[in-house]
Protein chains: 2
Amino acid sequence: MQLDINANIMDINNTYADKNRSLLASKRILTLNIMGSPGAGKTTLLERLLAILQPKLQVAVIEGDLATARDADRIAALGADVIQINTDGACHLDAKMISLVLGGFDLEQLDLLIIENVGNLVCPAGFDLGEDLRLVVMSVAEGSDKPAKYPGAFLAADWLLLTKMDLLEYLDFDLEGALTDVKNIKPTIKIFPTFCSKKGVSGLDAVADALMELVCAKKEQ
Amino acid sequence: MQLDINANIMDINNTYADKNRSLLASKRILTLNIMGSPGAGKTTLLERLLAILQPKLQVAVIEGDLATARDADRIAALGADVIQINTDGACHLDAKMISLVLGGFDLEQLDLLIIENVGNLVCPAGFDLGEDLRLVVMSVAEGSDKPAKYPGAFLAADWLLLTKMDLLEYLDFDLEGALTDVKNIKPTIKIFPTFCSKKGVSGLDAVADALMELVCAKKEQ
C-alpha cells in the first residue's frame, strides 16, 4: 500500500475551500487572499486599502502569522473587524483554518473579506482558501529575479502588487525583465505598481477602485 | 494506529544530517547553511564572500531553488565549484538532498562548503542539513517586526546578517526594537550589519574574518 499524503492533504483542503467559497458566495462577500514574502508590505497595503474602503464597505480581515498578534493589532487600530490565526510554525494558512474562524464574523453585514496569508512566497500558493481573488505582493527590494525563481506564487495570483516602488532609484532592479518574466508565467495577471513610505502613497487608489468594481459585481451576481 | 508523519520525516532528515555532518567533519570541511526570505540578499552576500575568501580557501557552493539555475550561474561566474538543487516546488532543502550531491565535489580539497537554502523565512529553519553554522539573512527593507513574527528562523540561527543597511534612511525601521526582539529570541546570536549596493560594500570583511577563524579552528580539530 502506498499512502499519497500530499494528495490526501490537498483533497481535504479543497473540500474545505469549496465549503468556504459556497458560504461566502451565498452571502455575496468578495474574498481576497493576499500572499507574499515576509516584509513585502502586505499589512501596510491592507492598512491603506482599509482607510480608502472602510467608509464605503463593510470589511473584515483574517490575519495569518506564525506568532504574535502584531498585524491584527495594526488592523484593529483602524476599527476593522479582525481575527488573528497563529499557525504556531505552520508556513501557510489552509482552508480548514479559515472555515473555523468564519463564524466569528457577522457575515450578513460583510461586503469584503481580506485574508492576509503567512509571509512566504512558496507554500501559500498551493492552498486554495475559498477566495475569489488572489494577490501576490512583491517589494522591488526583493530583486527582479523573484518571479522566475518563485513561479508558483505568480502563477497562482490574479493580481501582482509591486510595492516600495519609491526605492527603485536606490536598487539594481530590472523592471522590464521582471515584468517579462511575470507575463511569461501568467499572461493574464494584472499589475499594480505602488508605494507607501515616508515619501507618500502612490497607486493604492487604483487597487481600491478595482476592488470596488469586483465587490459591486459580486453583489449583482 | 496513529502515524506521526512529521516525526517520521524529521527522523529520516536527522539520520541524513548526521551522516552529512560525519562525512564533512572527517574531511575537516566547515559547512554553512544560509537561510532567509526571498530577496534578503543571500546570493549577493555569497558573491561578495567568495570574492574575499576564494584566494585563501577552497570553497564549494550548493544552491537551493524552486526553479531556474540563476543563482548557480552567478556563483559559477566567479569560478566557484557549484551544484544547483532545484526542489521543484518544495519549500526548503533537506539533508537527503545534500547527501545526494556531496559526491559531486572533491571533498579532499575543500575547506568550506556553503549551502544557500530556498528563499523562505519559515520552513528551512526546521531542517538540519548537517551544517556547522546557520546564518539567517534579513534585509532591513523587510521591516523591523520580522524577528518577532518569524521567531523560528532566528532561534535556529547562530549568526544574523542584516543586509541593505544603506536603505535605513529611506525606511521606517526600528533597529533598536528589532535587535531587542532578536536577542530575546536567541541571546547568543552574533549580528553583522552589512550592505552591498550602488553605494558600495560594508561589513562583509567582518563576516569573512569570522568565517576564516572557524575554518582554521575546524582544520585544527
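Residues numbered from 1 in each chain as written. Chains lettered and ligands numbered in written order. Predicted model: local features only at pLDDT ≥ 70, side-chain atom pairs only at ≥ 80, totals over all residues. Heavy atoms only, no water.

Chemist: Help me get a handle on the sheet that holds strand S1 (residues 30–36) of chain B, residues and values and all.
Modeler: Residue and element names in this part refer to chain B. Here 7 strands make up an open sheet; going across it, the order is S3-S2-S4-S1-S5-S6-S7 and the pairing parallel. Two strands bound the open sheet, and with one partner strand each, they are strand S3 (81–86) and strand S7 (190–193). Across the sheet, the mean angle separating the axes of adjacent strands is 20° when strand polarity is ignored. Relative to strand S4 (residues 112–116), S1 is paired through 5 bridges, and the arrangement is parallel. Each bridged residue has a counterpart across the sheet, and for Ile34 the counterpart in S4 is Glu116. (Pairing = 2+ DSSP bridges. Helix = DSSP H or I, 4+ residues; strand = E, 2+ residues; numbered from the N terminus. Axes fitted to C-alpha atoms, helices over the stretch in contact; angles between N-to-C directions.)

Chemist: I'd like a rundown of the relation of the copies chain B and chain A, residues and numbers included.
Modeler: Screw-axis analysis of chain B against chain A gives a translation of 0.0 Å along the axis, an RMSD of 0.0 Å, and a rotation angle of 180°. Taken together, the rotation and translation relating the two chain copies correspond to the operation of a two-fold axis. Comparing interface residues between copies, 100% of those in chain B also sit at the interface in chain A, which points to an isologous, same-surface contact. (Least-squares fit on C-alpha atoms with pLDDT ≥ 70 in both. Contact = heavy atoms within 4.5 Å.)

Chemist: Help me get a handle on the side chain of Lys146 of chain A, residues and values and all.
Modeler: Tracing the backbone shows Lys146 of chain A in helix H5 (residues 146–149). The contacts of Lys146 of chain A, once residues within four sequence positions are left out, are Met138 and Phe154 of chain A together with Pro38 and Gly39 of chain B.

Chemist: An account of the nonpolar core is requested, with residue identities and associated values reported.
Modeler: In terms of nonpolar packing, the biggest core is built from 57 residues, with Val136, Phe154 and Leu160 of chain A together with Val136, Phe154 and Leu160 of chain B touching the most fellow members. For this core, the elements supplying multiple residues, two or more each, are strand S5 (133–139), helix H6 (151–155), strand S6 (159–163) and helix H7 (175–185) of chain A together with strand S5 (133–139), helix H6 (151–155), strand S6 (159–163) and helix H7 (175–185) of chain B. Residues within four places of Phe154 of chain B in sequence aside, it is in contact with Leu121, Val136, Met138, Lys146, Pro147, Leu160, Val182, Ile185, Lys186 and Ile189 of chain B. (Core = buried A, V, L, I, M, F, W, Y, C linked by side-chain atoms within 4.5 Å. Buried < 20%, exposed > 50% of the residue type's maximum accessible area, 1.4 Å probe, protein only.)

Geometric values such as these leave the question of function open.
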